[in-house]
Structures are given as C-alpha cells and as structure tokens.
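Tertiary structure, described
Take a look at the letters that make up each chain.
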Amino acid sequence: MEYTVALCNASEQGLGIDVKGVRVPPYSQSGCAAYGGDFVPEINGLDATGQNPDDVKQTNAPCPKDCAGIEPMLDRSDRRFRRSGLGVAPLYAHAIEEDIPLKPCPNPPTTDTVSNPIPMVSSSHSVSIGERPQHQRLTQPMPLQNLIMGTELIDRLYNQSTKIKDTGCHPEYCVGSHLSPKETRTRPYAQPRTSEEVWPLAKDFIRQYYESKTTALGERWEEAMKARLAAIKREIEVKGHYELTYEELVFGARTAWRNAPRCVNRIIWRQLEVLDARNVSTTLEMFDALCHHIKYGTNGGNMRSTITVFQHRTRPNADYRVWNSQLIRYAGYRHEDGSILGDPANADFTEICTKLGWTPPTCKTEFDILPLVLQAAGGEPQWYEIPTELVLEVPISHPDYPDFDDLNLKWYALPAVSSLCLDIGGIEFPAIPFNGWYMGTEIGRNLGDCNRYNLLKPIALNLGLNINSKFWKDKALIELNFAIIHSYQKCNVSIVDHHSATESFMTHLKNETLTRGGCPADWVWIVPPFSGSLCPVFHQEMLLYHLSPSYEYQDDPWKHHTFRTSSKCHKFKTVAEMVRQTAEMFHHVYQKRVKATILYATETGHSRNYADIVKQFFGRNFASQVHCMESYNRASLEQEQLLIVVTSTFGSGDPPANGESFGRYLLGLRNGVRPGVMQPQCKKRMSTIVAPSLQLMNGKVNEATRPLSQVKYAVFGLGSRTYPNFCTFAHTCDNLLKDLGAEQICLCGEGNELCGQEESFQFWLRQCYLRACEIYKLDPRLDKNDDSGLEPGYSKEKFRIQAINEPPMTNDIQEDLKCVHGRTIFTPVVKSRTKLQAPTSERSTILVCLDITGLHMPYEPGDHVGVYPQNNAKMVTELLEQLTLPLDPDLPMCLQSCSGSPSADKKWVSEKRLPIPVTLREAFTLFLDINTPPTPQFLKLLTKHATDETDQTELEELAKGGDVYEDWKYECFPNLLDVINQFHSLKIDATLLLHHLPLLQYRYYSISSSPSMFPNELHMTVATVSFKRQNGQKSWHNGVCSNWLNEIEIGSLVPCFIRRAPTFHLPDDPETPIIMVGPGTGIAPFRSFWQERMYRRNGTSTMQLALSNPPPKTVAMALENPLEDEKIQKTAADKDEASLPVAMLKRQSVSDAADNHTMTQMTEKEKAWGIMELYFGCRNADVDYIYRDEISKAHISGALTEVHVALSRQSGQPKIYVQHLLKKNAESIVDALIEERGHFYVCGDISMAAEVCRTLQNIFEDNAAMSANEAKHMIETMKDDGFYHEDIFGVTLKTAEVTTRVRTAAKRAWMKSYSRQSTIEQNLSETHPNQLSKVKSATIASVMMPSSPGSLTVYTKRTHGKSIPELGDETEHKTCLHPLEPPADSPVNGSEVFLQPSDKDTEVNGFHSTGRQQHLKRQHPVISKESIQQNEDVNVTKGGSPAVKGTIIKESALLKEESISGRS
C-alpha cells in the first residue's frame, strides 16, 4: 500500500498528491462529512467514512475540489474504511492501488448551498447556542501560514464548532481584543438551561466522549453510547438536568482546557488532575476542599495542574461560587487620597471582604493574602482565612544585582483562577478553581503594569538605569522578568519562560492539526506581552473559534448579590477548631476525591488475594476498588488517578488468561492504535518484556502528549524464579504504562513463590502506600510498628455459621462452582483411565479419557483443560474432627456476616463466597484449599486461637515471616491439618476457615486428543505427583488434582473448562514443516497434533492403521546415537523395538502386496503435507516410553515423518537428551525452520525448554552462519511471529523446587535483598532523588542503577582477586561508568559494553574497583534485559588488552558491596 503511505504523509501536512495521474485530496481525522468536515462524494452508497449516508441524513454532497471529477467504484460491502475518520483520501488511494475502475463524479464541486447536518459557519455569521442552520454556504478548509517557515497548516476543526459565539469579527468593527466581550455573555446570570437546551448539548458531548473511547470499547462503543444517552434523556425529563459520571467529568474538564483558545500551555491538557467535590453542601466543606486543592496543586513547588469541581447549576440563583478571582490574591487598600497599597486589581474585592467582616492586618503591607469568600447554594457568602502554611511565596531576587533584594518583592507560587464557569454537555459548573503554573511574563506584568503594582520605576532606579532615556522601561521589564525566572527556579517552584511556552504551543498546534484537524487559538492572547516577535507564535496565523466543552467568563457574584446587614465571619483559629472537630466527618470527601483502582490478573487466585489486601490497605485514605483486568472498563483508564496492578505470569512469560486483553490494549495504545484505522498485525505473544521505547530512554518523548500522563501507578508481580522470564507480565505492564506517560510512584515489586513472597509484598505495599499518601498530601495514619499494616479481619462476633433449609440442597456441582469462580463450568464424566508406564516404574502417568457427549466443549489441538479437583476425603474427615463445629458437618448451612458493631437486632447477611446452601464437608472438599502452606497473615490469626503459651510464641515468630517462616515452609511444606497437629493447643473455629482459607483452584493440563478423531472425548495425560517432605518424619505429600484423577471411580464427574491456547495451535498451511520437542508428559499436546494430522490426511488406510496394531514385518531401523553413529539391520520378530536404547523409526517396508499398495497411496499424499517430526525423551524405553504403540502407528501412517527418541537412563548407554538429538539433526532443522519457514514446538518443564532454546540458538550459530546475537534475534523473531511455540509448566516439586540447591539460592537471594532493601531505598532517595522513580526494584536485573550522579554500576565476574563464597571461585568486579551520547546507529538491544578501567585500581570492601569512572561506548541500553536474564557474557576491555569475558549477575542481592547506593 505504498500509495496510502505517501498519501498519509502528505495529508498530515494538509497536502494532496498525484497517484497514477489522479489528484487525491488531502484529508484529516475530522475531514469527513460524517463529522462536519469537507463534503465528499457518496461512493456506491458509502461516504468517505464507509458509512451509509442515510445514517447521517446527508444527500447530494458535492465532491472536494480536487477530486478531478471521478470517484472509485467500490463495492458497498467493502468495510475496510468504515468510520476511519480519514475522509475520502484512503478510498481514492485504495481504488488506485487495486486498479478499481473510476467513474465520473455525479456531483462535481460547487459552491451551491447544500443540506448539512452539522453547522458550517462563516466568519461573518453568528448564531445563538443550540442553533443548527440548515442551509449555509460551504465552508472550505482554512489554510494557516507560518510567515517565517513558509509552511501551511490546514484547519478543518472549526467546521465542528457546535457552540457558536461572536468572536468579535463584525463587518464594521472588531472586539476580539476585549478581555470579555459582551457578545460572549448572552445568558442571564445564575439561570440554568431548560431541558430543551440541555438535551442537544448533552448528545453532542456524549458523542465526543464515546468516540474518544472507541479503541477501549471496540465495537461496543455505539451500543454503550446509546444506552448512556437513553439514561440521560430519562434523567433530563425528570429533573431538567443530569449528573455526569466521574469519567465524563474528567474528560469534559480536560477537553475544555484543550479547547481554550487563550491558553498557551495547553499541551499538558491530559495531565489535568480533577478533584471531584460535587458532594459538598456547605461553605465550610468548600473551604476544606479548597485547602486541599491549594496543598495538592502547590505540591511543595512542583506544581500540578489541578481543578476542583463543585456542584453544577440546578436552580435559579442557587449557585456555588468562589468570589475570589483567584484562590490566592493580594489585598489592595484604598487610601483617602486615592492611592492604593497593594494590588489595585483587587481593591474592589478587598472592600467586599471588609464589608463581610474581614479585618485586615494591623500592619498592612503590599502583599497581604485575602481571605476566601465562598457561597454555597446561593446562600450568604462567608469568608475564611487561608492558613499561612498553605501559601507558598517566592521572594524575588536578581543574580547579578544584589541590591535587588532591597525592593522586598515577592509573589505567590499557585496561579489558581476561580472565577470561570465550566460548561460540559449543557451542564454548567460555576465554581471550578483551576491552576497550572506561571509563565514569567504574567508575574512581570502584575508587578510592572501601571494599573497594577507599577514598580518599573523603583526597579529601574535600583538597577541604576537612566529613567530619562526612552527605553528604561524595556530594560527594567526584561531584568524583572529575568529575576522572576531566576527566583522561582532557585526556590524549585515550577515556572516557564515565554520562549519555552510558545515553542511548546507550536508543537501543540502541529499535533492538534495532525490528530484533530485543527486548534482554536486567539493570537492576541497567545503572543506574549513582550518580545512577541522573537517568539515563534508571532509569525503563525491562527484561527479563533469556540468548541464545547469550554471554560466561560461569568459576572462577579457580588454584583448580583443583595447584602444583609450582618454577615458571619470565621477567623482562622475558629475555623481550625471547627475543622479539627469535623475532620473525621469530612474524611469521606477526600476518599471520593482520590480514587485508587486495583487491577489484577491471575491463574491461581493468588493475585486476587493480594489485590484484596491492597484494597484493604489503601482503604484507609483512598476510595479503593478491585477489578479483574478482563472485566475492567478500559474506557476509564485515562481518567484514573491512582492505578495499582497486581499480576502473575503464566507459563514462559505469558499473561494470565484474564490479563491478556488488557495487556494487548496497552500495547495498542503505545503503538498508536486509532479507531477504525487498519493496523499492522500485532505480535502473537506477550511473553517477552516490552522494554521502554528508545525515544523515552533518550528523553525525546513529550510527557504531556501521552494518553496516561495524568495517571499515577505501581505494579507488583508474582512468579517463580524457576522460570526464565520471572514476573514478565508485571514488567510488561510497568513498561507499557511508563511509555504511555503514567507516573511510577513505586518501583516494580516482585514476589518469588520459592522464597519471601509474602515479605516482599508487604514491604512493597507499605512503600507504595506511603508514597501515594505523600503525593496526594494525605495523612498515612500508619503505625510505625505495624510491619504488615494489616489488621486481622475476623472476629467471632462478626461471622457465624447458620443452619438453613431454604433453598434446598441441589448437589449441582456445576452451578456451585460457577457461583464461586464466576466462569462457565462443564462436567464430563470419566470414561476410562489407563496407566501409561510399566508396572515396575517408580513414576505414575495416566491417560484420563473424559466423555463430553452432549456438552458444548469446543477445543483445538494445543488447548488446555482446567480441572477443578477435590481434596482427599480422608484428610477432610480428619480436619473436621479437629475443628470446633457449630453443627453437623453434613447439614446444609451458610456463612453469614454483619457490619458495624454487632447487636442482638443486627441483620445478618449471607456471604456469597460459598454456595448457598452448602455443608461443611462439601466446603472443605470442593471449594477451600486445605493443602497449601498457610501464609504469615493467616498464622497471625491463628495465634489468638492457641491456648498454650509455647504454641503462641512459635506461631507469632512464624507470623513475622522472614527466615524462620521460609525454613519451616520448606522443610515441612505443611498443609492445614499438619499445622493443627503441630500446634496441639489450637482451637480453631470452622467459621474462621470458611472466611479466610483460599479457594481451591483449578489445575491446567494440555489436551492430548484431537476433536476430529475423538469428537465426543477429551483426553488428558496426567503425571501423578507424590514426594516426601523434609520434616524428619519423611511424610508423603500428594498432588491434589493428579491423585484425585488417579483415584476417582469411572463415571465420576470432572468439573472443568477449556482454556484456549492460540499461540500453540497447528499452522493453517498443512505443507508447513513441524518440529515437536516433548520429553516425558510434554508429549501430551503432540498426541493431539499427530491425531489431527492423521485425521486431516483422511485416508482409509490411515484410519485403519490408527485403529489397529501394526503387523510385525521386517523393518529397517537406524540406531541414532550422537556418540555411536552406526547402522543396524534387524527384524522386529527377533528383537523387540522396545529394547532399542535410542531409536529413530524409519518407514517400515511391508512385503504384503496390499500393504505396499496402501503405502504407495500414502506416499503420494505426502506431497501435499509438510514434515512432522517428533523428538521424545524418557528414562528407560522398557518402562517410560509412553504412547509407544500410537507413535508407531502415526509413523507408519505418515502423520509422523520422523520420530527421535532419547533415553537418559537406559542400561549400558550414556545419558542422551533431546538436545543431543537436535544437534545431531542440525542441518535438517535449519532447512525446515529457516529455508522452509517451519514451526518449532516445545512442551515440558521450564528447565528443559530453556536448554532446548539454547541448543537451537547454537544450531543457528553453527549451521546457519549466524552470530550469537543474530541467532538469538532469530529465535525471538520466530516467537514474536508465531513460529516458535512453547507450552511450559513448572518443574515438579520432587525434582527441583524442594531440592537444596534451588531453594538455598532463592533463599539467599531473597534474604539479602529483603534485609538491605530499606537501606538501599533510603540511600537512593537521598543521593538520587530524581532517579528513584525511574528504576526498578532490587530483584530486577534489567536496569543499571546510578551509583553516583551520571554514572552506572556494572558487576562482572573476574578470574582474579578475592572470591565470594556465594558465587564460587569467581570474583565480582565493580566498575563505575559515565554514559556518553550514543551514536546515531546505536541499536536498541544486544549492545556490547566496553569498559575502560584506569591504570590504577583499588580494593574497596573486598571488591576490585577502578580508581576512576569509566566510559560506555554505547548507552541505550547498557545491556539488554534478555542478556541479563540469560546470564550472557559481556565484553570487557582493559587498556587495549583483549576483552575479558564477564557475566552480569541475575540477582543483585547476592552482592556484598557495602557502598552500593543503587541496584544493578
């Protein structure tokens, strides 16, 4: 689509292009008839947006002037450009590229009047609000020239102006320079609109809101908009007005700022913080809200654009108003001689305050802060003194003139305008104080203008200027402006100079023209008051028009108020006492202002549990809500204030099933997805960490233009260090949110399930909460001695078990599980169960066949089945005998709770956590997890139920977490019954367990059957898990689900559901080569693959072979051993195939004539099928070779072209693994994967998958002439493009996670990280306050932390120096680096790091350290995240000597560097 690309590039500049001799007109997102832009021709029933013209009631629309009198003959069914918002140009480009015939245009361009559904207003015509003229002259796009650059912008947005006001352009005169022209104030004061006026404005606003959410809502946006409009219409009919949702309010306030033509700093419109105060009803509550606004907006000098919105206008003369023009203003005192002390602009308002009872200070000055005068619901105004500690003032000094301080000048930091009215969708908000930050010239005018402080003469005399010269005022004003900028920067208070502000406005103007079609701007106000021609805006033509929503001027309230003889006055001391007494009453106001949204994604439920803890913790100060990512309304994302993400990671780094759609949405936002525009195909996986963009790393991204620039966020990830992509999805979310402009308030946290997950989470949660309270200026109300910050949420008085008879027991496990887990559950029955391994095997693997006849359970080969197991019945019985039960365990009951202080007349409410009704035995058997080791929080609850002091002490020690708890959990791996048996004095009430035990979660299994070959069955390959614990008693621990499946009777129900695995499906093209690697039970999904291939080949002989035993004929076998490569001829009758140590089964030559004919037929069919090779591994062929007969049948049938079997424990043979066989067949693998674009599938435990991946990389290096980086990049590309597929599960407990080596390493890493994390955070915050929010946590080895300003720390293994016990014989080498500017061709990933140590090295704390800081050859990034995770070598050079190989350490917590101030 090269023409489309050229067209888009040209149209972004408002230009047309010639394509194949046809003139294609320019377009913009808004330049289409459906949205009020240029009129375009109807093309075979469709307009330029692909819409039916009947939908917009537009007919006979003339063509653009440049259409050349032709139009493409596109079919009406072509919907590729529907609602693209790009106008007619894509249709022309598409037609030209596809050689679609062009026909004469039936409506050539004309200036005749047409029927227009959206008003096209010429500059000489004005209408009242709500008018929609039916016949007007066609308004053409408006070109806006830049007189310096010679460029031209095309503005089409002005055609969408629905609220038309006179801009001052009259035939006889112009009032555009008036501060507030009377023409703009046509409405009577304090009168609400009628319902007839509100409804059309509401429709227009709601349309704007939902069109901005099309990406988030997808195809549902129109349906959602219609439903919302219907609700608004009903509300207007009843009340005459309607309530905006918080999301609509935020969108409206920000859009109004975006539409404000007089504001030069609109580029940060997305960052506007909206504080919702619509629930306040008194002036005291208003004052409380405004104090919070001042504190929050000032932010210690780092200004935050903030608006507080009070109740909208509902009744005549019943407005909420802030009488001050700005929240902070200086008084102006009139003297009898007419002079004014202070600010003359506030002299009238100062007299109003005095009239209301305010008493000025005894010693009046030029800079006395006026009180706030507030009016609630049209009542009497009341004044309140602003606490002095809230007002930040900046003394004005000059760096070159010390005597400038003698002028005693100062100004306040917060410019909070409070006299405007916000108009959103017909709803008017008359009290909306709003602040950004100052531009220096504004303060300069306040101090220098003759109608204000008029200080230019005193300043000129102070500077020693000759006031008799003509230009002394100019010099004085420039020096004053320079002093203001210097003073604010010296005090670390936000301010912008007029040059920077106007340059950013030019960027904003260009961005708006490209993305929106235009930008309303008032040239008179945009050009700064001095040095105008030196600023780029002076030479830029602009177009003034008005859009809605908008900020409007309104009359001063005291001009319409009738004063009474007496008025209430509140001095600060009185107000402070009132606020102190009512602080708790107003606390809910803060909660409603600051909303904390917690999102979680989980496979097992752990993330949901942690999300609930976050909600409880943040509920102290925030209005916290928990949502699953899958069900979260993504349209609200841009309006969020505080976003907290808690997520796990599935498999080899993929998101959980209920988090993938949210991750894809964030990825789409980052990639610039626009509604209705065709996008390139996205990556097929999200299993690799999405690194921050290069533009972000280089600082070239404008924070203000990114969609989530106003959102604060924090992320915590759960995972296991046994997986290479540890907590990948959490880091993906973290980087995507950062790329989208969100502000990270806390480093991304990680919880390793092997060790220290609870403690890591508690530490992260506490830091996150304290930082959030600091940002939003809230009292944390957190006990310093409260390590966890969590109060036990259980008491006998608040929960009870109630026996019930209604409703009756249904024994419907399907509905009960659906009620508990909120998903559709199927209940097939067990049809058969087959043991796959030999009776002599120490292991047990079974094939479970489920009968799904009559159930709608569609699945594909490669999908997973999630099985809901049951706890062991014997264990449940023993547990019930140990508990305090209020009723018989087999009687129906329900769990009930009451809120508040319990009393006899309290109403008890049934908890929906469990089905109603349910028996205690069913609850502990079907729904609650009694096998997982209890968490420290749960142990803390149990301490209150132990009667023995020794038991209490031990439980309290375990509840602290840390080393004691981790050792206990590792050595005993205790379930709930073990805990009760260990602490004999525990008297646990069943109610506590029903409320606090986690839910019993499903287990995933790869489906082992083809739905084509077995349409009414579903097969699972299950390895039963059983291992001994290390608690001295050597007791056995049995896997819950695998042993349940191994023990249940045939015909029993198995509750389950299907989990789609689209990244592990067969390729659509049957000729595509397929290589499958699946040792052990990793063969499970590949069984479904070869069955599907056998069915698709659809040969009678193939099906016969699949259903019968292969005849014992003479076969040609090849002994494939990487160590012994020799050919062996043998007969299957003489020596059974099972005795072969390593076999590669060749096609059997059948002597039977009929069989020869069958094989000939299959050979001919093979030409239409690609190869399908299987690499299988097991220990012993006589014991563990599962599915051997089926593999042989599939091989004979031709479904499997080659079978490679590796045996690792075969007697008399060396250990052979699948990696060895892959290396043996390297040439054929390269041909299949690279030359023929084949697919590579891996299924099995994570350690095997990692080894296979490294082996394939080595194969590419050795056999495809690739470097290490190229081979790695090749594999990553295959994964991204869907050619490398992984179905990875965790290593089994008995073989890895409970081994001393793995656990000891995890424990050591966590303990050192946990013990030093607080110190590191504190040191970092002191030495690198600006870097703290830009780096990741101590357990993340992906970002190099600065150890000193402008430097980075890299740790590499060396072969000399002192050794570190934890790391073996190699020593850590610390090198400080200074990053240099990277070359233009600096790559994003895989950059090599070159270190240049000094000639003199020193020993620091046992580390070999360089004596001076060194330099990086490449900066972005220092080392790729993938290299760090894979522990790959980094090249290090010393003084021109050959490079010394070094390795980045994955766990920075292993380092013993005492002087570290950052994290590697």
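Residues numbered from 1 in each chain as written. Predicted model: local features only at pLDDT ≥ 70, side-chain atom pairs only at ≥ 80, totals over all residues. Heavy atoms only, no water.

Here we look at the nonpolar core
Ranked by internal contacts, the top residues of the largest apolar core, which has 64 residues, are Tyr-242, Val-274, Ile-307, Leu-422, Phe-429, Tyr-551 and Leu-737. When residues of this core are assigned to their parent elements, the largest contribution, seven residues, is made by helix 7 (residues 246-259). Each residue touching Ile-307, except ones within four places of it in the same chain, is listed here: Ala-253, Leu-272, Glu-273, Val-274, Leu-275, His-293, Leu-422, Ile-432, Pro-433, Phe-434 and Tyr-551. Grouped together as the second largest cluster of nonpolar side chains are 52 residues, Leu-290, Tyr-330, Ile-386 and Tyr-453 included. (Core = buried A, V, L, I, M, F, W, Y, C linked by side-chain atoms within 4.5 Å. Buried < 20%, exposed > 50% of the residue type's maximum accessible area, 1.4 Å probe, protein only. Helix = DSSP H or I, 4+ residues; strand = E, 2+ residues; numbered from the N terminus. Contact = heavy atoms within 4.5 Å.)

Describing the sheet that holds strand 18 (residues 416-417)
With mixed pairing, the four strands of this open sheet are ordered in space as 9-10-21-18. Every other strand in the sheet has two partners, leaving strand 9 (273-276) and strand 18 as the edge strands with one partner each. As paired strands, strand 9 and strand 10 (residues 306-309) are joined by four bridges and run parallel to one another. Bridge assignment links Asp-276 to a residue of strand 10, and that residue is Val-309. Sitting on the sheet, helix 7 touches strand 9, strand 10 and strand 21 (434-435), and the angle it makes with strand 9 is about 135°. Docked against the sheet, helix 8 (residues 283-298) engages strand 9, strand 10 and strand 21, running at close to 165° with respect to strand 10. (Pairing = 2+ DSSP bridges. Axes fitted to C-alpha atoms, helices over the stretch in contact; angles between N-to-C directions.)

Considerations on unusual backbone geometry
Only a minority of non-glycine residues have a phi that is not negative, and only a minority of peptide bonds are not trans. Here the bond from Ser-548 into Pro-549 is cis, since omega is 5°, no more than 30 degrees from zero. Here Pro-549 shows up in the loop between helix 14 (523-526) and strand 24 (550-552). With an omega dihedral of -5°, the bond running from Ile-916 to Pro-917 counts as a cis peptide bond. Counting through the fold element by element, Pro-917 comes out in the loop between strand 37 (909-910) and helix 24 (920-927).

With respect to a positive patch on the surface
Taken together, the side chains of Arg-843, Arg-1179, Arg-1209 and Lys-1215 present a region of like positive charge at the surface. You can see Arg-1209 is positioned in the loop between strand 50 (1202-1207) and helix 35 (1218-1224). Taking relative accessible area as the criterion, Arg-1209 reaches 38% and is therefore assigned partly exposed. (Patch = residues over 30% accessible without salt bridge, like charges linked within 9 Å, V, L, I, M, F, W, Y side chains within 5 Å. Areas by Shrake-Rupley, 256 points an atom, 1.4 Å probe, with all protein chains shown as cover. Salt bridge = Lys/Arg side-chain N within 4 Å of Asp/Glu carboxyl O. Lys, Arg positive; Asp, Glu negative; His and termini not counted. Charge placed at Lys NZ, Arg CZ, Asp CG, Glu CD.)

Let's talk about the packing of helix 37 (residues 1246-1263) against helix 38 (residues 1268-1280)
Contact pair helix 37 / helix 38: the axes reach a minimum separation of 9 Å and the direction vectors enclose 125°. Taken together, the axes of helix 37 and helix 38 are oblique relative to one another. Judged by the sense of rotation from one axis to the other, the crossing of helix 37 with helix 38 is right-handed. Contact with helix 37, carried on its side by Cys-1253, Leu-1256, Gln-1257, Phe-1260 and Glu-1261, involves Ala-1268, Ala-1271, Lys-1272, Met-1274, Ile-1275, Met-1278 and Lys-1279 of helix 38 and no other residues of that element. (Parallel < 35°, antiparallel > 145°, perpendicular 65-115°, else oblique. Left-handed = near helix turned anticlockwise from the far one by under 90°.)

Here's the deal with the environment of Thr-1024
For Thr-1024, the location among the structural elements is in the loop between strand 39 (1017-1023) and strand 40 (1026-1028). As for Thr-1024 and Cys-1041, which are separated by 17 residues in sequence, their C-alpha atoms are 8.3 Å apart. Sequence-distant contacts of Thr-1024, that is, excluding residues within four places in its chain, are made with Ser-844, Ile-846, Ser-1042 and Asn-1046.

Regarding a negative patch on the surface
Where like charges cluster on the molecular surface, the negative patch consists of Glu-1227, Asp-1231, Glu-1235 and Glu-1236. Positionally, Glu-1235 belongs in helix 36 (residues 1226-1235). Classification of Glu-1235 by relative accessible area gives exposed; the value is 60%.

Side note on the pairing of strand 19 (residues 421-424)
What you see with strand 19 is no split at all: Cys-421 and Asp-423 on one side and Leu-422 and Ile-424 on the other are buried throughout. As paired strands, strand 19 and strand 24 are joined by three bridges and run antiparallel to one another. In the strand pairing of strand 24, Leu-422 is matched with Tyr-551. With three bridges joining them, strand 19 and strand 20 (residues 427-429) adopt antiparallel strand pairing. Bridging from a neighbouring strand, Leu-422 pairs with Phe-429 of strand 20. Counting the residues in the hairpin turn of strand 19 and strand 20 gives two residues, including Gly-425, whose phi is positive at 55°.

As for the sheet that holds strand 39
One open sheet holds the three strands; their spatial order is 33-34-39, and the pairing between them is antiparallel. Each of the sheet's edge strands pairs with one partner strand only, and the pair in question is strand 33 (829-835) and strand 39. Direction aside, neighbouring strands of the sheet carry axes that sit 20° apart on average. Pairing of strand 33 with strand 34 (residues 845-851) involves six bridges; the strand directions are antiparallel. The partner of Val-829 across the bridge, within strand 34, is Asp-851. Taken strand by strand, helix 30 (residues 1040-1047) contacts strand 33, strand 34 and strand 39, and its axis lies near 120° from that of strand 39.

Some words on the pattern of salt bridges
Side chains carrying opposite charge are able to pair once their charged atoms draw close together. The final tally for this structure, using the stated rule, is 37 salt bridges. Residue Glu-393 pairs with Lys-410 through a salt bridge whose shortest N-O separation is 3.5 Å. Placement of Glu-393 in strand 16 (residues 393-395) and of Lys-410 in strand 17 (residues 410-412) is noted, with a sequence separation of 17 residues between them. We classify Glu-393 as partly exposed; its relative accessible area is 26%. Here Glu-743 and Lys-712 are joined by a salt bridge, their closest N and O atoms 3.9 Å apart. Within this pair, whereas Glu-743 is found in strand 30 (residues 743-744), its partner Lys-712 is found in strand 29 (residues 712-719), the two being separated by 31 residues in sequence.

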